[in-house]
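What follows is each chain in one-letter form.
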Amino acid sequence: FIVYRLSSSLISVTLLTYYTTLIYLSFSPMSCGTTFTPLFLISIIFFFLMIRRPPRSTLSSSSAASDVYKRQVSTQSTGGNENVDRIRQKILARNEEDGFAGLRRSFHVMDKSNDNALTSEEVKAAFRLYRVKTTDAEFETMWKYLDRNGDGKVTVGEFVRQIRGDFLNDRRINMIRIAFDRLDTDGSGVLELKELAVKYDVTDHPLFKSGEKSKEQLVQDFMSSWDRDTNGRVLWEEWVEYYGDISASIDNDDYFELMIRNAWHISGGEGACQNTTCKRVLAKFRDGSERVVQIKDDIGMRSDDVEGMLARLRKQGYTNVMTIKLHA
């Protein structure tokens, strides 16, 4: 900063001296018949063009997406702990342009045992890699911050969320609220876990798409994420907590919406967000015409439940449907 201010002052003094000399030469008797006056006028025009230009930023350039990323991660709460925030910012600085992908790479660099979970020793080694100096007390504070559930290990979801923030903006909160309310059929504010596990579709889960986890593993994770108290129920607060971890691993709001719509078979969405998991059937109507139609919000509906699908289509307004068959 000091160097920048000194260099700016030096440039200002140089320009002032230059233009003072030009003014003197342009209006002195010696300047008659010379080119000093037009040179002075040209210089004045050039000077005003320069000062009208907006100042160039002293920060390194970054994409709009990176700016959004920085704004979002800056809101992550660290409980006011300066040491925790210092470590977070150091890790984020190495990954800010790549978002979740960069943080996931950092996680796998730290995960020397390749078991998709970090131990305190692995995190200590990572701090040495990042040249982060901490006392034993500071490290203990940071470890507790990372290991939110106190099980002695940090998963990729915990790591990303604690370092980056949960990214649950208003649009994402609204989407998971829609899903929760659709599943809460009796309006009690409580979801039955076993019933949810049967309905859960992992097709668009980021870890399933990347091949890191199978469908069975994700369903098991889904179950274990909530059933720590073994009551078999999910409250809204637990629902938000779960999707906070998932949200932190997804950079794009459109993809997050698509994932929620597809996971819980919520019809609708526009463009890239449009649901793709609700059943499409080739319906034959009484007038002999055929058309592919979607069975809306078909969560829990079996593919062999023809009568159920026909009943749902009639509720959707297709009262003259005669027969249907699944459409790929």
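Counting starts from 1 at the beginning of each chain's written sequence and moves along it residue by residue. The predicted nature of this model means local features are confined to residues of pLDDT at least 70 and side-chain atom pairs, given and counted, to a pLDDT of 80 or more, with totals for whole chains, interfaces and linings taken over all residues. The side-chain numbers reported here are obtained from all heavy atoms of the structure, hydrogens and water having been left aside.

> Is there a simple way to think about the environment of alanine 283 in this case?
Where helices and strands are cited, they refer to DSSP runs of H or I of at least four residues and of E of at least two residues respectively, numbered from the N terminus. Mapped onto the fold, alanine 283 is located in strand β5 (residues 280–285). Under the relative-accessibility criterion, alanine 283 is labelled buried at 0%. Apart from residues no more than four positions distant in its own chain, alanine 283 is found in contact with Ser289, Glu290, Arg291, Val293, Val321, Thr323 and Ile324. When a residue's accessible area, from a 1.4 Å probe over protein chains only, is under 20% of the maximum for its type it is buried; when over 50% it is exposed; and in between it is partly exposed. Any two residues whose heavy atoms approach within 4.5 Å are treated as being in contact.

> What exactly am I supposed to notice about helix α6 (residues 120–129) here?
Restricting attention to buried positions, one finds in α6 the residues Glu122, Val123, Ala126 and Phe127. Across the axial projection of α6, the buried residues extend over an arc of 145°, all falling on one side. Along α6, exposed side chains directed more than 90 degrees from the buried face belong to Glu121 and Arg128. Arginine 131 sits one or two residues past α6 and shows a positive phi near 60°. Note that the arc is computed from the directions linking the helix axis to the C-beta atoms.

> Just to check I follow, could you spell out the pattern of salt bridges for this structure?
Should the charged atoms of two oppositely charged side chains come close, the side chains can pair. For this analysis, a salt bridge means a side-chain nitrogen from Lys or Arg found within 4 Å of a carboxyl oxygen belonging to Asp or Glu. Scanning the entire structure with this criterion turns up 11 salt bridges. Note that glutamate 241 is salt-bridged to arginine 148, the shortest N-O span being 2.2 Å. In this pair, glutamate 241 is assigned in helix α13 (residues 236–248) and arginine 148 in the loop between α7 (136–146) and β2 (154–155), connecting sequence segments 93 residues apart. Looking at glutamate 241, the relative accessible area reads 37%, which means it is partly exposed.

> Please clarify how the environment of lysine 325 should be interpreted in this entry.
Turning to its location among the elements, lysine 325 is positioned in strand β7 (residues 321–326). Spatially, the C-alpha atoms of lysine 325 and valine 292 are 9.5 Å apart, while their sequence positions differ by 33 residues. Ignoring any residue separated from it by four or fewer positions in sequence, one finds lysine 325 in contact with Val281 and Leu282.

> Which parts of the structure should I look at to understand the side chain of glutamine 294?
With respect to the secondary-structure elements, glutamine 294 resides in strand β6 (residues 290–294). In this structure the side chain of glutamine 294 is engaged in a polar contact, spanning 3.1 Å, whose partner is the side chain of serine 267. Those residues in contact with glutamine 294 that sit more than four places away from it in its chain are Ser267, Asn275, Cys278, Lys279, Arg280, Leu313 and Gln316. N or O atoms closer than or at 3.5 Å make up a polar contact, with two conditions inside protein: a donor-capable atom paired with an acceptor-capable one, and, for residues adjacent in sequence, both atoms drawn from side chains.

> What's the story with empty space enclosed by the protein in this structure? I'm lost.
Gaps between atoms show up when a probe of the same size as a water molecule is rolled over them. A pocket here means an open set of points on a 1 Å grid, computed over the protein atoms alone, that has protein on both sides within 12 Å along at least five of seven lines. A cavity is instead a set of points where a 1.4 Å probe fits but cannot get out; residues with an atom within 4 Å of a point line either one. Grid points are joined across faces, edges and corners, and a volume is the space filled by probe spheres set on the points. Under the criterion given, the structure shown has 2 cavities of 30 Å³ or more. The computed volume of the largest cavity comes to approximately 50 Å³. Taken together, the elements giving at least two residues each to the lining of the largest cavity come down to α13 and α14 (253–263). When residues of the lining of the largest cavity are assigned to their parent elements, the largest contribution, 3 residues, is made by α13. For the lining of the largest cavity, the residue count by class is 7 nonpolar, 1 polar and 2 charged. Roughly 30 Å³ of volume is contained in the second largest cavity. The classification used treats Ala, Val, Leu, Ile, Met, Phe, Trp, Tyr, Cys and Pro as nonpolar, Asp, Glu, Lys and Arg as charged, and all other residues, Gly among them, as polar.

> Is there a simple way to think about the packing of aromatic side chains in this case?
Given two aromatic rings, their pairing is described by the distance between the two centres and the angle made by the two planes. For Phe, Tyr and Trp, where Trp contributes only its six-membered ring, two rings pair if their centres lie within 6.5 Å, and the inter-plane angle classes them as stacked under 30 degrees, edge-to-face over 60, or tilted in between. Summed over the entire model, instances satisfying the criterion amount to 8 aromatic pairs. Ring geometry for phenylalanine 180 and tryptophan 236: centres 5.5 Å apart, planes at 75°, overall edge-to-face. Taken together, the positions of phenylalanine 180 in helix α9 (residues 170–183) and tryptophan 236 in helix α13 put the pair 56 residues apart, joining distant regions of the chain. An identical accessibility class is assigned to phenylalanine 180 and tryptophan 236; each is buried. A positively charged side chain is recorded as over a ring if its NZ (Lys) or CZ (Arg) lies within 6 Å of the ring centre. The angle to the ring normal must also be within 35 degrees. Seen from the ring of tryptophan 236, arginine 177 lies directly overhead, with NZ or CZ sitting 4.0 Å from the centre.

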